[in-house]
There are 2 protein chains.
Amino acid sequence: MNEFFVELIGMLGAICTTFCFLPQIIKILQTKHARDISLIMYIILTIGVFLWLIYGILIHKWPIILANAVTFIFCAIIVTVKITWENKNNGK
Amino acid sequence: MNEFFVELIGMLGAICTTFCFLPQIIKILQTKHARDISLIMYIILTIGVFLWLIYGILIHKWPIILANAVTFIFCAIIVTVKITWENKNNGK
């Protein structure tokens, strides 16, 4: 297959797996509910995305750096909001 | 940095961003609650992971194929369970 289309598929995949977290952030901020979300999942995901970010820097690949920097921010927001709601609900 | 350690960082990142979905699957199956989870997020994520899978096949990279094949299955489970609980709760 043509090189351009191969790279296009990879880029579309990166855009989807990066910006998919926005609807989740909007949902928990609107509903102020995050109980069903697994904190363990997002902590492991945040660590994993951070490792990908370091990997991208080490191999000098901008697409990997950019995608994972944005995803890292989104995941850190979800972890922070999740912990905040949980503390609030537990009356801390 | 030594080539081995660079690849190790990438592999650890891939393992984290692949298996992080397991705690979320276990949580929603145990609690039978998925209301706070964004269905839109997981549909976009599942599409994105599928595109990454196609990309990995096209560039013949086993790590990308393997990580995204497993993640695709996990995301498809979450989407299915989320839709099932939602239908059940809406009395369909």
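Residues numbered from 1 in each chain as written. Chains lettered and ligands numbered in written order. Predicted model: local features only at pLDDT ≥ 70, side-chain atom pairs only at ≥ 80, totals over all residues. Heavy atoms only, no water.

Here we come to the environment of Gly13(A). All names here are of chain A. You can see Gly 13 is positioned in helix α1 (residues 3-19). Residue classification places Gly 13 among the buried positions, given a relative accessible area of 0%. Note: C-alpha distance between Gly 13 and Val 81 (68 residues apart in sequence) is 26 Å. (Helix = DSSP H or I, 4+ residues; strand = E, 2+ residues; numbered from the N terminus. Buried < 20%, exposed > 50% of the residue type's maximum accessible area, 1.4 Å probe, protein only.)

The next point concerns the packing of α1(A) against helix α3 (residues 39-58) of chain B. The relative placement of two packed helices comes down to the angle between their axes together with the axis-to-axis distance. Contact geometry of α1(A) with α3(B) gives a least axis separation of 8 Å together with a crossing angle of 150 degrees. In terms of axis orientation, α1(A) runs roughly antiparallel to α3(B). Like other packed secondary-structure pairs, α1(A) and α3(B) cross with a definite hand, here left-handed. The segment α1(A) lies against α3(B), with Val6(A), Glu7(A), Ile9(A), Gly10(A), Leu12(A), Gly13(A), Ala14(A), Cys16(A) and Thr17(A) engaging Ile44(B), Leu45(B), Ile47(B), Gly48(B), Val49(B), Leu51(B), Trp52(B), Ile54(B), Tyr55(B) and Leu58(B). (Axes fitted to C-alpha atoms, helices over the stretch in contact; angles between N-to-C directions. Parallel < 35°, antiparallel > 145°, perpendicular 65-115°, else oblique. Left-handed = near helix turned anticlockwise from the far one by under 90°. Contact = heavy atoms within 4.5 Å.)

Moving on, we come to the interface of chain A and chain B. Size of an interface, as often reported, equals the accessible area lost when the parts are brought together. Between chain A and chain B, the residue contacts involve 36 residues of the former and 36 residues of the latter. Buried area between chain A and chain B, summed over both chains or domains, comes out near 3,100 Å², and the portion from carbon and sulfur atoms is 74%. Looking at the side of chain A facing chain B, the largest losses of area belong to Asp36(A), Met41(A) and Tyr55(A), adding up to 19% of the total buried there. Run the count over chain A and chain B and you get zero salt bridges. Our enumeration of links across chain A and chain B arrives at 17 residue pairs in polar contact (both at pLDDT 80 or more). Considering each element in turn, the side of chain A that touches chain B owes the most residues, 13 residues, to helix α3 (residues 39-58) of chain A. (Buried area = accessible area lost by both parts, 1.4 Å probe. Salt bridge = Lys/Arg side-chain N within 4 Å of Asp/Glu carboxyl O. Polar contact = N/O pair within 3.5 Å; in protein donor to acceptor, adjacent residues only side chain to side chain.)

This part covers unusual backbone geometry. The phi dihedral of His60(A) falls on the positive side, at around 55 degrees, and the residue is not glycine. Relative to the assigned elements, His60(A) resides in the loop between α3 and α4 (62-89).

Expressed as a screw transformation, the operator carrying chain A onto chain B has a rotation angle of 180 degrees and an axial translation of 0.0 Å, and the superposed copies differ by an RMSD of 0.0 Å. Expressed as an axis order, the relation between the two copies is that of a two-fold axis. For chain A, the minimum C-alpha distance to the rotation axis belongs to Asp36(A) and amounts to 2.7 Å. When the interface residues of chain A are mapped onto chain B, 100% of them again fall at the interface, so both copies present the same face. (Least-squares fit on C-alpha atoms with pLDDT ≥ 70 in both.)

One pass over the full model with this rule turns up zero disulfides over all chains. Cys20(B) provides the cysteine sulfur closest to Cys75(A), a residue in no disulfide bond, and the two sulfurs are 8.0 Å apart. The buried category is assigned to Cys75(A), whose relative accessible area is 0%. (Disulfide = S-S within 2.5 Å.)

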